Amino acid sequence: MVSVNTPHDEASRELHLRVGTAQRERALEVIRNAAADERITFDELEGRVPRALAAVTRADLVSVLDDLAPAAEVDAILGLDTPIGEGPGYTWDDPLILEGTGWKQLIIAGEWAVPPFLEVHSSIGGVLLDFTLATARAKVIDLVLVVNDWGTTTIVVPEGWGVDTQATQVEVSYIETRGVRTRPQADKPRIMVRGRTSGQVKVKLSDDKDARKAQRFIDKGRPGMPELPRA
């Protein structure tokens, strides 16, 4: 009798093959999406990410994704040859860094493309991240705060976005969330905020006042704002 090998049998025999950056990044996206859908906890997310980053073979990634995706989808992930994006912000170890300078508040507003990995640095002046007109490139946005000032970090999002601040460390102040749910509406992105700040963190939905403030900032040429990829 002649045996017939199915595509999945062939994939199983290739589990010893080594994986590259593209496969690891796609696996990270699956893990982050699972956290956004609350299929895994934030602690589980933190535990699986290093395993995906350290994966050497296809078998390593299968062990991370086995309970998150059907076999056919895992096979597609393992066979992926192209990265999900290029440049800063599209890999875990090369985030898009937003850095404040001088005494002025770091303001990010207007139309821009938000990659999945962001890191904010500020030592004085406070931070305003306005995502109202932004376009998210991934369902989950990993936002790390490295804010060593006593000011306020304000995160403004449009209706339907989710913001999770459970992993954020605030040294002497507090975290305030106004009308923004942890879990986003269907097809909307979720921002996972972590890191540390010496000041306070405010998360709010965009309103008319925010829109007017953002427009004035844009009309002035967005002074002090770093060059960012446009949507």
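Up top is the structure.
Residues numbered from 1 in each chain as written. Predicted model: local features only at pLDDT ≥ 70, side-chain atom pairs only at ≥ 80, totals over all residues. Heavy atoms only, no water.

Novice: Lay out the side chain of Arg24 with the relevant residues and their values.
Specialist: Within the secondary structure layout, Arg24 lies in helix H2 (residues 21–36). Here Arg24 is buried and forms no salt bridge, its nearest opposite-charge partner Glu25 lying at an N-O distance of 7.6 Å. Engagement of the side chain of Arg24 in a polar contact is seen with the backbone oxygen of Ala55, the distance being 2.8 Å. Discounting residues that sit within four places of it in the chain, Arg24 has contacts with Val19, Ala52, Leu53, Ala55 and Leu61. (Helix = DSSP H or I, 4+ residues; strand = E, 2+ residues; numbered from the N terminus. Buried < 20%, exposed > 50% of the residue type's maximum accessible area, 1.4 Å probe, protein only. Lys, Arg positive; Asp, Glu negative; His and termini not counted. Salt bridge = Lys/Arg side-chain N within 4 Å of Asp/Glu carboxyl O. Polar contact = N/O pair within 3.5 Å; in protein donor to acceptor, adjacent residues only side chain to side chain. Contact = heavy atoms within 4.5 Å.)

Novice: Could you give an account of the sheet that holds strand E2 (residues 106–108), naming the residues involved and the relevant values?
Specialist: As summarised here, the arrangement of the five strands in space is E2-E5-E8-E12-E10, forming an open sheet in which the pairing is parallel. Lying at the two open borders of the sheet, with one neighbouring strand each, are E2 and strand E10 (175–178). The average angle at which neighbouring strand axes cross in this sheet is 5°, direction not considered. Of the pairings in the sheet, the one linking strand E5 (residues 127–130) to strand E8 (residues 152–157) comprises four bridges and is parallel in character. Of the residues in E8, the one forming a bridge with Val127 is Thr153. Docked against the sheet, helix H6 (residues 208–219) engages E2, E5, E8 and strand E12 (200–205), running at close to 105° with respect to E5. (Pairing = 2+ DSSP bridges. Axes fitted to C-alpha atoms, helices over the stretch in contact; angles between N-to-C directions.)

Novice: Got a sec to walk through the pattern of salt bridges? Specific residues and values, please.
Specialist: Summed over all chains, the structure comprises 11 salt bridges. A salt bridge links Asp37 to Lys139; its shortest N-O distance comes to 3.0 Å. Here Asp37 is found in the loop between H2 and helix H3 (42–53), whereas its partner Lys139 is found in the loop between strand E6 (135–136) and strand E7 (140–147), with 102 residues between them in sequence. Relative accessible area serves as the criterion here: at 24%, Asp37 is assigned to the partly exposed category. The partner of Glu38 in a salt bridge is Arg183, with the nearest N and O atoms 3.6 Å apart.

Novice: Report on the packing of aromatic side chains, specifying residues and quantitative values.
Specialist: Scanning the entire structure with this criterion turns up two aromatic pairs. Between Phe131 and Trp161, the aromatic rings sit 5.7 Å apart at their centres with planes inclined by 40°, giving tilted as the arrangement. Note that Phe131 is positioned in the loop between E5 and E6 and Trp161 in the loop between E8 and strand E9 (162–170), a separation of 30 residues in sequence. (Phe/Tyr/Trp six-rings, centres within 6.5 Å; stacked < 30°, edge-to-face > 60°.)

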